[in-house]
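One letter stands for each residue in the lines below.
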Amino acid sequence: DVEGQHVGQLVGHTSTITALFFHGKRVYTGSIDGSIICWDVESAEKLFESKGHEGGITCIFSDGSKTLSGAADKTIIIWSPNGLLLHRITGHVGG
């Protein structure tokens, strides 16, 4: 809340959370388990979970119409507003 008090906990990943992104009333979390979960900030309800990476999530961005994620598997995935995989971008090499 505004005073910095604990107001809830989001539980859903099977491993460490490595990426976090807020957009409006949604928060997106990414994990070493390769999944992304979209949460409603006010209700703490899981809106959807997306799986498509074979490595841990390293970054997430959303503008509300699409969500992008990057991962240790050297791919970027573009997701629909409901978490459906739209496009996978490959081509990164090295570590």
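The preceding data block contains the structure.
What comes next is a walk through the structure. (Residues numbered from 1 in each chain as written. Predicted model: local features only at pLDDT ≥ 70, side-chain atom pairs only at ≥ 80, totals over all residues. Heavy atoms only, no water.)

### Considering the overall build of the protein
Helices and strands together make up the secondary structure of the protein, namely 0 helices and 8 strands. Start at the N end of the protein and walk to the C end: the helices and strands fall as β-β-β-β-β-β-β-β. For the protein, with 95 residues in total, the buried portion stands at 36%. Considering only residue pairs separated by 6 or more positions, the protein has 23% of its internal contacts joining residues 24 or more positions apart. Carbon together with sulfur atoms contributes 55% to the accessible area of the protein, which is approximately 5,900 Å² in total. (Helix = DSSP H or I, 4+ residues; strand = E, 2+ residues; numbered from the N terminus. Buried < 20%, exposed > 50% of the residue type's maximum accessible area, 1.4 Å probe, protein only. Contact = heavy atoms within 4.5 Å. Areas by Shrake-Rupley, 256 points an atom, 1.4 Å probe, with all protein chains shown as cover.)

### Some thoughts on the side chain of Thr 67
Along the polypeptide, Thr 67 turns up in strand S6 (residues 67-71). Separated by 3.1 Å, the side chains of Thr 67 and Ser 62 make a polar contact. (Polar contact = N/O pair within 3.5 Å; in protein donor to acceptor, adjacent residues only side chain to side chain.)

### Remarks on unusual backbone geometry
At Ala 44, a position not held by glycine, the phi torsion is positive, near 65 degrees. Relative to the helices and strands, Ala 44 is located in the loop between strand S3 (35-40) and strand S4 (46-51). Backbone geometry at Lys 74 places phi at a positive 70 degrees, although glycine is not the residue there. Relative to the helices and strands, Lys 74 is located in the loop between S6 and strand S7 (76-79). Judged by relative accessible area, Lys 74 falls into the partly exposed class, the value being 36%.

### Some remarks on the sheet that holds S6
An order of S5-S6-S7-S8 is seen for the 4 strands of this open sheet, with the pairing classed as antiparallel. Looking at strand neighbours, the two that pair on one side only are strand S5 (57-62) and strand S8 (85-89), the edges of this open sheet. Shown here is a sheet whose adjacent strand axes are inclined to one another by a mean of 20 degrees, direction ignored. Relative to S6, S5 is paired through 5 bridges, and the arrangement is antiparallel. In the strand pairing of S6, Ile 57 is matched with Ala 71. (Pairing = 2+ DSSP bridges. Axes fitted to C-alpha atoms, helices over the stretch in contact; angles between N-to-C directions.)

### Brief notes about the pattern of salt bridges
Following the criterion strictly, the structure yields 3 salt bridges and no others. Between Lys 25 and Glu 42 there is a salt bridge; the shortest N-O distance is 3.5 Å. Taken together, the residues Lys 25 in the loop between strand S1 (17-23) and strand S2 (26-31) and Glu 42 in the loop between S3 and S4 connect sequence positions 17 residues apart. Judged by relative accessible area, Lys 25 falls into the exposed class, the value being 53%. On the basis of relative accessible area, Glu 42 is assigned to the exposed category, the value being 62%. (Salt bridge = Lys/Arg side-chain N within 4 Å of Asp/Glu carboxyl O.)

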